[in-house]
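Architecture and fold: a report
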Amino acid sequence: GEDDEDEDDGLAASAAGAAKQKRLRNMKDFFKRVRANNAMLFAKRRSTQLGEVVKEGPLPDIRGLDLSKILEFFEPRRALKPKAHERVRTTLGEDKACYVYVQVVRCKNVPVRRSLDDRGRGRGRRSDRSPRGRRGSDGGDLDSGVDGGLVRSRIGLQFGNAEKATESQPGSAPRWNKHLKLRLKPPQGTFKPEHLAKITTDLVITLEDEVVKEVVADRRYPTVKTKTSEKRFLGSLSIPFNTIYTNGIVDGLVRLNTPRINLGYRHTHSAADAGAGGGDRSSAIGDAASPAIVSEDTSTYVHLMVTLEPQLPLPPAVETPAPKGEKRFLIAHCQRFEKAHSKRYCRVLATDMQGRSVLLNRYLMAQQPPPDPFQGADLSLEWLEGGADQPVMDNIDKVVRYVSLIPFMEDSMTLSGAQEMWCTSQEFLSLGAGDWEEHAILLANYMTWLAENRPASGGAWDTFLILGRAVVEGDTVYVMRRHRTSEEVVLWNASTGEGYPSTDELCPLREVGMIANSENCWANVQAAAEPWKLSWDITNAKLWAPLWTRGMPKPTEATAWDDRQRPILEYNPTPADFVEELENEINMMLRQEFRRWRRKVTRTNNQVASRLKELLDRMERETLNKDEAADSAMLHLDNLEKSLRGYTVHGFPLNMQFRDLDTVMRTVKNTGVHEVENERAQFAHACRVFAYPNMVASIWVYVVALIPEEP
């Protein structure tokens, strides 16, 4: 309509707006075609289900005589060991209330405030140097300014306009065991499933350090001091409402997203202020040596449980017509296989964007990675300006980074309740967004290409797709790499760019249902499902049941669908002026938003801002190189020291995908770095954008608060 055109014209006035406009148009055209196909495929009128009219508990299963159920009546009742009962989803009227119920149990490895003595720590640093003065006339405090080595952390929750928080607890391993509720306000005031499925709000969980200071309230009475408290950001986690609604419960130890560098804080378990990943990997090989491998020493975890109270009914399942696409006998074989292993996430037939059934194996093949924008000492703009001979990304770290920067978008939020559909790699790149399976398939295909064409980078590793269940997202898709000689296994979350050794019991992937490559699919039939308990010997049919066997071999004949998943993908150059325009636009908006958020005089320190931008110039390269990432925090403190004499500093660099400017501003605001009561406080911020092919960008924003020391 006319309103949409006016909105598009307004967006096109800036680089970010133009990029968002193009992405929105691609999405509109793409989903218009998908919905048209769905309308034809699912035109059959859906019948009303009994459960939508009559609400009652589940009936007992009397198909078989189960004496254990009868004996339960005679078992003694144990108050200290109650039995869990399955929760029933309940339809609520408009006059009823529903809450997002959160139990915050504890945190693990919370960063603590730096003390002056921490300055000499680190690998190969100037440990014999006496610490420089940081207070009074000799200089400011480059650390936390309060209680070095301590931390008083709390968990804050935000869901829409509702906010709750726990009390503060001291130490790097605080325990709360606190129950919090945030009211759910449904769209249009109704709890109908079709309306609930469209809620895009995230539950934002923030870990903060509460710093208490004594300040002089009135300079006329210097001996009279009052206590003030400030919140300092340590990490956060966003859980989409749709994840809570669909899965029913999120329960477990979850890794928080923490800044790679947090000025004034350090991890107590880290031997040095390592940058990306941390830990000593000097003896590691292949994937295990990647800076994207998650290290427990430099990670912070929160144990929580999130659910809805009461549970709300899900949208009715879509009645699919007779599957089309593959031959009937193949579809029947695959359906029998999925049914036989339905206790875990097992899926060997995917649905493409035309609504046709496609064998999962057909999605997996070697696909050439995109051109590499990083060449030489600095960021090369040759390819961005249209150079055609740019070398492709030639190692695992680069392709992992590229895939993780493509924005995440669930099918359920875009396909209006239709069944889950899988894009080809080219459709994924053209759309510019996708969910777990699109990210995982693209990364797996890149890794397979590297194994075949860059033996030094990945030749000794085999790549598989993993279908399983994770702590937060529920049903998910990961990428697995197994070394042929050492049999070492690394699990990759393609949408976040994080890798985990299969022996890591803190890995978010808690259950493995199936693995697949281009040749076969194997269902996990072992008693255990946790990755660290599994044997990965896929040649043993008693552990891994194959889809294709001698009696039913994998089909070898080509189909028309094979032309859509191609080994050579099309990559479009990102305009060279896009980077500079986007950086300027983000800096301008940050300056404006800081004033609006604070609603008081806001001073900007341009000298510090210029130094922050210099530090950001190396951040993207450090992400790809574990050697350059070492001691980053100490390097930043050294570079900022002369500019920050007389101040207490709190700040950090934030890294995010490019979606739109609203997401960037919301991410910065959620850190609360602007919430400083001191009217003489100054702020500095800088932005750096690193562009990749197909309008994929890595955005780095450095924000710092400078608080004058009291005399």
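Since the model is a prediction, treat every value here as computed from it, not as a measurement. (Residues numbered from 1 in each chain as written. Predicted model: local features only at pLDDT ≥ 70, side-chain atom pairs only at ≥ 80, totals over all residues. Heavy atoms only, no water.)

Things to note about the confidence of the model for the protein chain
Detail in the predicted coordinates should be disregarded across regions flagged by low pLDDT. Looking at the protein chain, pLDDT values average 80 and 73% of them are 70 or higher. In this model, residues 119–148 is a region of pLDDT below 50 whose contacts with residues beyond four sequence positions or in other chains number 80 contacts. Counted against residues more than four places away or in other chains, residues 271–283, with its pLDDT under 50, gives 40 contacts. (pLDDT = per-residue confidence, 0-100. Contact = heavy atoms within 4.5 Å.)

As for the nonpolar core
Within the largest apolar cluster, 82 residues are counted, with the highest numbers of intra-cluster contacts made by Y402, L443, Y446, L465, W492 and L612. By residue number, the principal contributor to this core is helix α9 (residues 436–453), which donates 10 residues. Those residues in contact with Y402 that sit more than four places away from it in its chain are P370, M393, L429, Y446, Y571, Y692, P693, N694 and V696. Core analysis: the second largest hydrophobic core is formed by 39 residues, V100, L182, L207 and L237 among them. (Core = buried A, V, L, I, M, F, W, Y, C linked by side-chain atoms within 4.5 Å. Buried < 20%, exposed > 50% of the residue type's maximum accessible area, 1.4 Å probe, protein only. Helix = DSSP H or I, 4+ residues; strand = E, 2+ residues; numbered from the N terminus.)

Comments concerning helix α11 (residues 576–598)
Taking 1.5 Å as the rise per residue, α11 with 23 residues should run 33 Å; its terminal C-alpha atoms sit 35 Å apart, in good agreement. The positive-phi residue at the C-terminal boundary of α11 is R599, with phi of around 55 degrees. (Expected span 1.5 Å × (residues − 1).)

A word on unusual backbone geometry
Look at the link from E309 to P310: it is a cis peptide, with omega at 0 degrees. Mapping P310 onto the fold places it in the loop between β11 (301–309) and α6 (328–340). Within the chain, N694 stands out as a residue other than glycine whose phi angle is a positive 65 degrees.

Points about the packing of helix α7 (residues 396–404) against α9
In the contact formed by α7 and α9, the axes pass within 10 Å of each other and the chain directions differ by 160 degrees. Between α7 and α9, the crossing angle belongs to the class labelled roughly antiparallel. The two elements α7 and α9 cross, and the hand of that crossing is right-handed. Residue-level contacts link I396, V399, V400, Y402 and V403 of α7 to H439, L442, L443, Y446, M447 and L450 of α9. Class assignment of the residues belonging to the contact of α7 with α9 gives a composition of 10 nonpolar, one polar and no charged. (Axes fitted to C-alpha atoms, helices over the stretch in contact; angles between N-to-C directions. Parallel < 35°, antiparallel > 145°, perpendicular 65-115°, else oblique. Left-handed = near helix turned anticlockwise from the far one by under 90°. Nonpolar A, V, L, I, M, F, W, Y, C, P; charged D, E, K, R; others polar.)

Concerning the sheet that holds strand β1 (residues 98–108)
By way of backbone hydrogen bonds, the strands of a sheet pair with one another, either parallel or antiparallel. An order of β6-β1-β11-β9 is seen for the four strands of this open sheet, with the pairing classed as antiparallel. Here the strands that pair on one side only, and so sit at the sheet edges, are β6 (175–184) and β9 (249–255). Taking the axes of each pair of neighbouring strands and ignoring which way they run, one obtains an average angle of 15 degrees across the sheet. In terms of strand pairing, β1 meets β6 through eight bridges, oriented antiparallel. From the neighbouring strand, V104 faces β6, where its bridge partner is K178. (Pairing = 2+ DSSP bridges.)

Comments concerning the pairing of strand β16 (residues 489–493)
A large share of β16 lies buried, amounting to five of its five residues. Residues V489, L491 and N493 of β16 are buried on one face, and the alternating residues V490 and W492, pointing to the opposite face, are buried as well. Relative to β16, strand β15 (residues 474–483) runs antiparallel, the two sharing four bridges. When the sheet's bridge partners are listed, V479 is paired in β16 with W492. The turn joining β15 and β16, which pair antiparallel and follow one another in sequence, is formed by five residues; a positive phi near 60 degrees is taken by E487. Of the strand pairs in this sheet, β16 and strand β17 (residues 498–501) are connected by four bridges, and their pairing is antiparallel. Counted as the bridge partner of L491 is Y500 from β17. The turn linking β16 back onto β17 is made up of four residues, and G497 within it adopts a positive phi angle of 75 degrees.

Re the packing of α11 against helix α16 (residues 661–670)
Following both chains from N to C, one finds α11 and α16 inclined at 45 degrees, their axes separated by 11 Å at the closest point. By the angle between their directions, the pair α11 and α16 is classed as oblique. Crossing of α11 over α16 shows right-handed handedness. Packed against α11, whose contacting residues are L582, E585, I586, M589, L590, E593, F594 and W597, the element α16 presents L661, V664, M665, V668 and K669 at the interface. Looking at the contact of α11 with α16 residue by residue, the classes come out as 10 nonpolar, no polar and three charged.

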